[in-house]
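Chain residues, written in single-letter form:
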Amino acid sequence: ASSWRCSPSSPSNCVDSVNLLDKYPSVAILGGGESGVGAAILAKDRGHRVFLSDGGALKAQYAAQLDQEGIAYEQGVHSLDRLLTANLLIKSPGIPNTAPAVAACLDRGIPVWSELEFAFHYTSSPIVAITGSNGKTTTTTLMHRIAQHAGLEVGLGGNIGQSFALQLARNPKPLYVLEVSSFQLDNCYSFRPHIAILCNITPDHLDRYDYQMERYAASKMRIAQAQTAEDYFLYCLEDPETALALKANPIRSQLLPFSLRTASEPNAYGAFAALDTPENHTYLIHDPKTHETMTIEELALQGKHNAYNSLAAGLAARLLLIRKEAVRESLAHFESLEHRLEAVASVHGISFINDSKATNVNSTYYALESMQHPTVWIVGGVDKGNDYSELMSLVASKVKAIVCLGKDNSKIVAAFANSHLPVVETHSMADAVKASYSLARKGDTVLLSPCCASFDLFQNYEDRGRQFKENVRSL
């Protein structure tokens with residue numbers, strides 16, 4: 001990569017990527033997970049002196065990788081004397097800028113980047129980057145499948161799968177599709193995707209942003225901060241927080257909306273539902289690359305939220321000049337992701353659905369909205385400041401019983417105390433599945449859509465979803 005890459009908002013972090021090694025010969029990595037180890041390997045391969053520090057215990061697989069690569073590291077402690085000798089600090093997304101080791105580097109004037117920012121300087125491949133409070137994993141995976149189906153050699157990474165940096169070091173591709181979180185974007189300055197997709201902005205992770213929605217939204221908008229008029233920014237026309245964020249954080253790229261409520265006007269670029277068709281099951285994609293309108297009549301993923309995801313991925317695919325047939329076939333045959341409205345089993349006529357990835361109110365709202373039968377709802381975990389009042393009308397119309405699953409269920413119990421629904425408290429997945437099964441009847445649905453983080457009882461949302469499936473299959 002040889003272009004000058006910088007963000008107008010942070011010129012002090014700009015650097016000519018050709019001279020990256022000259023400017024930052026010594027690199028410190030904070031955090032030894034997928035992101036940190038990937039960054040360490042890429043930095044070592046490109047000639048930087050590398051030292052990795054993790055305040056906890058490294059997983060065996062990552063320690064083995066570092067040993068194999070001959071990369072110096074420590075665990076269980078942060079040695080500030082070593083960190084402060086670096087020219088550049090690359091930190092893992094989960095570590096905030098307020099962490100003592102990060103703050104010490106910032107005070108010393110050492111630039112702090114994310115792995116995403118560092119890796120970007122070492123590729124000239126076009127990037128499709130997807131962010132959003134909800135839907136980004138589905139949209140990213142769908143975009144990747146479309147590209148693969150079209151025969152493109154494409155890498156999938158970021159906040160999903162293998163780190164971007166490790167792919168560049170070990171298996172570089174001519175195209176990348178990356179899921180990026182607000183935490184990854186926080187320390188990006190020059191990162192410039194050719195196509196950026198913002199699925200939506202709803203309250204999530206507000207504890208990281210001093211409970212200020214505008215700060216969280218601004219973090220999401222960093223996906224487009226370095227884009228130019230040659231790039232594209234795809235966004236949901238109906239999302240009110242996105243509209244506010246666009247006003248507060250103007251961008252220079254070409255804005256292309258996707259919408260289910262606004263009819264496509266002649267010569268309007270974007271992706272739209274054809275509102276004059278029965279039940280709005282026909283969709284139109286009109287892109288500025290070919291000036292053609294493409295019609296899609298069938299989407300494999302059901303639910304309004306998935307229609308948005310499909311339209312965003314389809315529009316991005318057309319901007320990459322992927323042929324219409326490949327886009328249509330992919331959108332019509334895509335299978336849902338694990339832990340995202342995943343059909344698990346039917347037991348005595350009761351359907352069990354795993355939506356463990358739903359860790360906030362908005363995601364659970366979409367899940368409940370898509371339910372077609374009386375639903376026993378399993379909810380609970382680590383509350384991140386949820387406002388359950390947003391779910392009241394859906395709960396009233398869709399839910400027949402609530403099963404709370406968590407160490408502390410008091411907030412959920414209080415929130416739905418006046419719902420006139422049975423509310424049962426459980427503290428293990430086995431008990432939650434048994435309770436929901438006893439409350440359901442033939443023709444009903446049991447939905448695990450926790451609306452909360454998983455860390456009180458589970459390792460992560462994947463562990464929570466797997467335990468749900470295991471217990472359902474043992475009924």
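Refer to the structure presented above.
The notes below deal with the structure included here. The residue numbers shown here count from 1 along each chain, following its written sequence. Only residues with pLDDT of 70 or above have their local features reported here, since the model is predicted, and side-chain atom pairs are shown and tallied only from 80 upward, although totals for entire chains, interfaces and linings are computed over all residues. The basis for every side-chain value is the complete set of non-hydrogen atoms in the structure, without hydrogens or water.

A closer look at the sheet that holds strand E3 (residues 26-30)
Short version of the rule: By definition, two strands form a pair when at least two bridges between them are found by DSSP. Elements are defined by DSSP. Helices are runs of H or I of four residues or more, strands are runs of E of two residues or more, and each kind is numbered from the N terminus. Axis lines are fitted to C-alpha atoms, over the contacting stretch for helices. Their N-to-C directions set the angle, which ranges from 0 to 180 degrees. By definition in these notes, contact holds between two residues if any of their heavy atoms fall within 4.5 Å.
Taken in spatial order, the five strands line up as E5-E4-E3-E6-E7 in an open sheet, and their pairing is parallel. At either end of the open sheet lies a strand with only one pairing partner, and these are strand E5 (72-75) and strand E7 (112-114). Averaged over all adjacent pairs, the angle separating strand axes in this sheet is 25°, with direction ignored. Two elements, E3 and strand E4 (residues 49-54), share five bridges in a ladder whose sense is parallel. The residue of E4 that forms the bridge with isoleucine 29 is leucine 52. Packing of helix H2 (residues 34-45) onto the sheet brings it into contact with E3, E4 and strand E6 (88-91), and relative to E4 it is tilted by some 170°.

Digging into unusual backbone geometry
The phi angle at histidine 420 is positive, at roughly 60°, despite the residue not being glycine. For cysteine 451, which is not glycine, the phi dihedral falls at a positive 70°. Mapping cysteine 451 onto the fold places it in the loop between strand E22 (445-448) and helix H18 (461-473).

Observations regarding the packing of helix H17 (residues 429-439) against H18
Test applied: When an angle is under 35 degrees it counts as roughly parallel; over 145 it counts as roughly antiparallel; between 65 and 115 it counts as roughly perpendicular; any other value is oblique. Left-handed describes a crossing whose near helix is turned anticlockwise from the far helix by less than a right angle; the clockwise case is right-handed. The nonpolar class holds Ala, Val, Leu, Ile, Met, Phe, Trp, Tyr, Cys and Pro. Asp, Glu, Lys and Arg form the charged class, and all remaining residues, Gly among them, are polar.
Their axes nearest at 9 Å, the elements H17 and H18 cross at an angle of 50°. The angle between H17 and H18 places the two elements in the oblique class. Classified by chirality, the crossing of H18 by H17 is right-handed. Along the contact surface, H17 presents Met429, Ala430 and Val433, while H18 presents Arg464, Gln467, Phe468, Asn471 and Val472. A breakdown of the residues in the contact of H17 with H18 according to their chemical character gives five nonpolar, two polar and one charged.

So yeah, pure geometry; function would need other evidence.
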